[in-house]
Amino acid sequence: MNKVFRISPSQVERERKIQLTGELPVEFLGEPDTEMVKFSHPVKYSLELSATLGGIVLNGQISTQTECVCGRCLNKFDSELSAKICHFYEKDDSSELDIAEDVREDLLLEIPMNPNCSKNCKGLCLKCGQDLNKKTCKCDDTPAGHPVWDDLKPVKK
Ligand SMILES: [Zn+2]
Ligand SMILES: [Zn+2]
């Protein structure tokens, strides 16, 4: 599917180092497993293949932009997703090395299971559904204690 990630091991051996930089359409990543995250931008990659004793080392980085839904407040927010790539491919007889799947999986592994718009997101009030990042609701003003204490209040002089 992606020719850029089909490497010729003999070419790497000849040139010792091959740089791969560029962009791929977002389709490269497929659909994420979670509905909380959508891929919204092309995938950027910057990779280096180097020939070493016994094989090929792949190093680099891959990143994209995602549109996430916050698991606490349900607001949408944009977030960068990036992964460091580091693989070693042992030398074998094949004339082609396809690194697409490894690169793709490394990025998919970085998808947060429960994305949050910020570390301090206050979320929604469980009682009234108010987004507590925007304004506070009155629910917390009601004492959580046993109703008996309310009955006792008027006794106080
Ligand atoms: Zn949030
Ligand atoms: Zn509330």
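Note that the structure is a prediction, hence the values are computed from the model and not measured.

(A) Quick look at the coordination of the zinc ion (ligand 2). Around the zinc ion (ligand 2), the protein contributes the donor atoms Cys125 (SG), Cys128 (SG), Cys137 (SG) and Cys139 (SG), which lie 2.3 Å from the metal centre. With four donor atoms in place around the zinc ion (ligand 2) and angles of 105 to 112 degrees between them, the coordination shape is tetrahedral. Mapped onto the sequence, the residues coordinating the zinc ion (ligand 2) show the spacing C-x2-C-x8-C-x1-C. With Cys125 in the loop between helix 2 (100-108) and helix 3 (147-152) and Cys139 in the loop between helix 2 and helix 3, this residue pair connects regions lying 14 residues apart in the sequence. Under the relative-accessibility criterion, Cys125 is labelled buried at 10%. For Cys139, a relative accessible area of 16% puts it in the buried group.

(B) Focus on the pairing of strand 5 (residues 55-69). Examined bridge by bridge, strand 3 (residues 37-39) and strand 5 share three bridges and lie antiparallel to one another. Considered in strand 5, the bridge of Phe39 is made with Thr66. Note: strand 4 (residues 43-52) against strand 5, nine bridges, orientation antiparallel. Residue Glu48 lies in a different strand from strand 5, and its bridge partner there is Asn59. Remark: two residues form the turn of the hairpin made by strand 4 and strand 5, two consecutive strands paired antiparallel; Gly54 in that turn has positive phi of roughly 85 degrees. Both strand 5 and strand 6 (residues 76-90) contribute to a ladder of 15 bridges, which runs antiparallel. Bridge pairing in strand 6 links Gly55 to Glu90. Where strand 5 folds back onto strand 6 in an antiparallel hairpin, the turn is made up of six residues, including Leu74, whose phi is positive at roughly 65 degrees.

(C) How the structure looks around helix 2. Among all positions in helix 2, only Ala100, Val103, Asp106 and Leu107 are buried. Along the axis of helix 2, the buried residues cluster in a sector spanning 140 degrees; they form a single face. Considering only its buried residues, helix 2 is in contact with strand 4, strand 5, strand 6 and strand 7 (97-98).

(D) View of the environment of Ser95. Along the chain, Ser95 turns up in the loop between strand 6 and strand 7. Residue class for Ser95 comes out exposed when judged on its relative accessible area of 63%. Linking Ser95 and Ser10, residues 85 residues apart in sequence, is a C-alpha distance of 7.4 Å. Residues within four places of Ser95 in sequence aside, it is in contact with Ile7, Ser8 and Pro9.

(E) A look at the packing of aromatic side chains. Enumeration according to the criterion identifies two aromatic pairs in this entry. Here Phe5 and Tyr45 contribute two aromatic rings whose centre-to-centre distance is 4.9 Å and whose plane-to-plane angle is 65 degrees, an arrangement assigned as edge-to-face. In this pair, Phe5 is assigned in the segment before strand 1 (6-7) and Tyr45 in strand 4, connecting sequence segments 40 residues apart. Each member of the pair, Phe5 as well as Tyr45, carries the same accessibility label: buried. Of the aromatic side chains, those joined through ring pairs into one cluster are Phe5, Phe28 and Tyr45.

The rules we used
Residues numbered from 1 in each chain as written. Chains lettered and ligands numbered in written order. Predicted model: local features only at pLDDT ≥ 70, side-chain atom pairs only at ≥ 80, totals over all residues. Heavy atoms only, no water. Donors = N, O, S within 2.8 Å, 3.2 Å for Na, K, Ca; no water. Tetrahedral: all angles 85-135°; square planar, octahedral: opposite > 155°, others 65-115°. Helix = DSSP H or I, 4+ residues; strand = E, 2+ residues; numbered from the N terminus. Buried < 20%, exposed > 50% of the residue type's maximum accessible area, 1.4 Å probe, protein only. Pairing = 2+ DSSP bridges. Arc of directions from axis to C-beta. Contact = heavy atoms within 4.5 Å. Phe/Tyr/Trp six-rings, centres within 6.5 Å; stacked < 30°, edge-to-face > 60°.

By themselves, these observations are geometric and do not establish any function.
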